[in-house]
Amino acid sequence: MSIVARRFFSGTRVKLDTLALLEGTNGKPTPASLSTIAAAIEIGKPITALILGSNADSIAAEVAKTKGVDNVLISKDSKYDHLLAEEVTPLIKQIIQGDGSNYTHFLTPNSSVGKSVLPRLGALLDVQPISEVIKVIDVDTFMRPIYAGNALATVKSKDSIILASIRASAFAPIEETTGQAVTIEEVSQSSESGSRTEFVSEELISSERPELGSATRVVAGGRGLKNKETFEKLIEPLASKLNAAIGASRAAVDSGFCDNSLQVGQTGKIVAPDLYIAVGISGAIQHLAGMKDAKTIVAINKDSEAAIFNVADVGLVGDLNEIVPELIEKL
């Protein structure tokens, strides 16, 4: 059983090395956060997890069970509930530069939060962030995709502290373990941001389907479905049969076929499921950047010259209005 101690952090602390900002939902760390821990483990230094917001306690209890985490640092101030970069970044800067701190790395998931926090923190610390890391080569050398994933760059940082975001699909989420002693510390000071930005509201799409970013099966629809009615008629039953998450190309999202939270691609979610079924998706380079790491890709398109067939393991050329209903029936 995990041993958990609690103490307050006021500025002087034991020297640690890697600080990882983690996100949580429903009292548990997100899969992307567990992938970030996996990347931190590959760096090979002690790991401190940073968890912010009113429900930090419950998330911290789960993180404390996670393999590789040595310490958990929390702040339960409600102003961090939505992880606004304008509020979060000054606190992270204060922690990194605190007396006795010796952090050499700061990691965050390459989520919307990470994409907001990382460049702001880089500006405050005057260092160059490394975004969307897909491989840790050594403590200061990393691999990341460039040119919409068509090339891979190996980047070596000479900064005193390395800031990096982690592509979740490139690292398997770390699992829980037992028998480790983990310290949970609470940040006692508060950082004043002077920000004029405030959280107003959010509209969340609730679904019983698997979460798109971590699903092992994804069924995605594109412009070839023509309209929202066809999207719902074909994609949803197929996804239900496979217990799969639903995704979409940017063209489908822009056309109003589905919510933008389902967009897969360079400007959407990056996924790497065991099975990815692309229905009516031509295969624009921006979409391929978000799903080409899937283990098995099935493409259904009437255009035999569509770019999606260049990355597909299985290709079905024909009318999706005939193929998909037959596939649903046979499943």
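Scope of this entry: the structure provided in the associated data block. Per-chain numbering applies: the sequence of each chain, read as written, is numbered from 1 onward. With the structure being a predicted model, the display of local features is reserved for residues of pLDDT at least 70 and the display and counting of side-chain atom pairs for 80 or more, all residues being used for whole-chain, interface and lining totals. For side-chain calculations, the full set of non-hydrogen atoms in the structure is used, while hydrogens and water are omitted.

**Points about the sheet that holds strand β15 (residues 245-248)**
Thought 1: Should DSSP find at least two bridges between two strands, the strands are regarded as paired. A run of DSSP states H or I qualifies as a helix once it reaches four residues; a run of E qualifies as a strand once it reaches two. Both are numbered from the N-terminal end. Strand order in the open sheet formed by five strands is β15-β14-β16-β17-β18, and the pairing between neighbours is parallel. The open sheet has two free edges, formed respectively by β15 and β18 (314-317), since each of these has just one partner strand. Neighbouring strand axes in the sheet, compared pairwise and without regard to direction, differ in orientation by 15° on average.
Thought 2: Pairing of strand β14 (residues 217-221) with β15, which is carried by four bridges, proceeds in the parallel orientation. Paired with V219 across the strands is I246, a residue of β15.
Thought 3: The contact criterion used is simple: two residues touch if any of their non-hydrogen atoms lie within 4.5 Å. The angle between two axes is taken between their N-to-C directions and runs from 0 to 180 degrees, where each axis is a line fitted to C-alpha atoms and a helix contributes only its stretch in contact. Contacts from helix α5 (residues 228-242) reach β14, β15 and β16 (275-279) within the one sheet, and its direction differs from that of β14 by about 175°.
Thought 4: Those strands touched by helix α8 (residues 320-330) are β16, β17 (296-301) and β18, and its axis lies near 135° from that of β17.

**Digging into the pattern of salt bridges**
Thought 1: We count a salt bridge whenever a side-chain nitrogen from Lys or Arg sits within 4 Å of a carboxyl oxygen from Asp or Glu. What the rule picks out here adds up to eight salt bridges.
Thought 2: Between D293 and R167 there is a salt bridge, with the nearest N and O atoms lying 3.8 Å from each other. One end of the pair, D293, is in the loop between α7 (285-291) and β17; the other, R167, is in the loop between β12 (162-166) and β13 (181-187), and 126 residues separate them in sequence.
Thought 3: Given a relative accessible area of 9%, R167 falls into the buried group.
Thought 4: Note that D254 is salt-bridged to R250, the shortest N-O span being 3.4 Å. The rule is simple: take the accessible area with a 1.4 Å probe, protein chains only, and divide by the maximum for that residue type; under 20% is buried, over 50% is exposed, in between is partly exposed.

**Some remarks on α8**
Residues spaced three or four apart along an α-helix face the same direction, because each turn holds 3.6 residues.
Thought 1: Within α8, the full set of buried residues consists of L320, I323, V324 and I328. Along the axis of α8, the buried residues cluster in a sector spanning 130°; they form a single face. Exposed residues pointing more than 90 degrees away from the buried face of α8 are listed as E322, E329 and K330.
Thought 2: Taken together, the buried residues of α8 touch α5, β16, β17 and β18.
Thought 3: The N-cap of α8, judged by a side-chain oxygen 2.9 Å from the amide nitrogen of N321 a few residues on, is D319. Arc definition: directions from the helix axis to the C-beta atoms. Pairing of N or O atoms within 3.5 Å defines a polar contact, subject to two protein rules: one partner must be a possible hydrogen donor and the other a possible acceptor, and residues neighboring in sequence count only if both atoms are side-chain atoms.

**Regarding the environment of G224**
Thought 1: Relative to the elements of secondary structure, G224 occurs in the loop between β14 and α5.
Thought 2: We classify G224 as partly exposed; its relative accessible area is 30%.

**Details of the side chain of S35**
Thought 1: Of note, S35 is situated in helix α1 (residues 31-43).
Thought 2: Within the local environment of S35, its side chain forms a polar contact with the backbone oxygen of F171, the two atoms lying 2.8 Å apart.
Thought 3: Discounting chain neighbours no more than four positions away, the residues touching S35 are I166, A168, F171, A172 and P173.

**Section: the nonpolar core**
Thought 1: One finds I51, V63 and V72 to be the most contacted residues of the largest nonpolar core, which totals 31 residues.
Thought 2: Looking at this core, the elements that each hand over two or more residues are α1, β5 (47-52), α2 (56-63), β6 (69-75), β8 (130-133), β12 and β13.
Thought 3: Broken down by element, this core gets its largest block of residues, six residues, from α1.
Thought 4: Not counting residues within four places of it along the chain, the set of residues in contact with V72 comprises A49, I51, A60, V63, A64, V182, T183, I184 and E185. Note on terminology: a nonpolar core comprises buried Ala, Val, Leu, Ile, Met, Phe, Trp, Tyr and Cys residues joined through side-chain atoms within 4.5 Å.

**Observations concerning the environment of S131**
Thought 1: Position of S131 relative to the elements: it lies in strand β8.
Thought 2: The partly exposed category is assigned to S131, whose relative accessible area is 28%.
Thought 3: Dropping the residues within four chain positions of it, S131 is found in contact with R144 and S165.

**What about the environment of V139?**
Thought 1: Looking at the secondary structure, you find V139 in the loop between β9 (135-138) and β10 (141-146).
Thought 2: Given a relative accessible area of 36%, V139 falls into the partly exposed group.
Thought 3: V139 sits 49 residues away from P90 along the chain, and the two C-alpha atoms are 25 Å apart.
Thought 4: Not counting chain neighbours up to four residues away, the residues in contact with V139 comprise I43, K45, H105 and I162.

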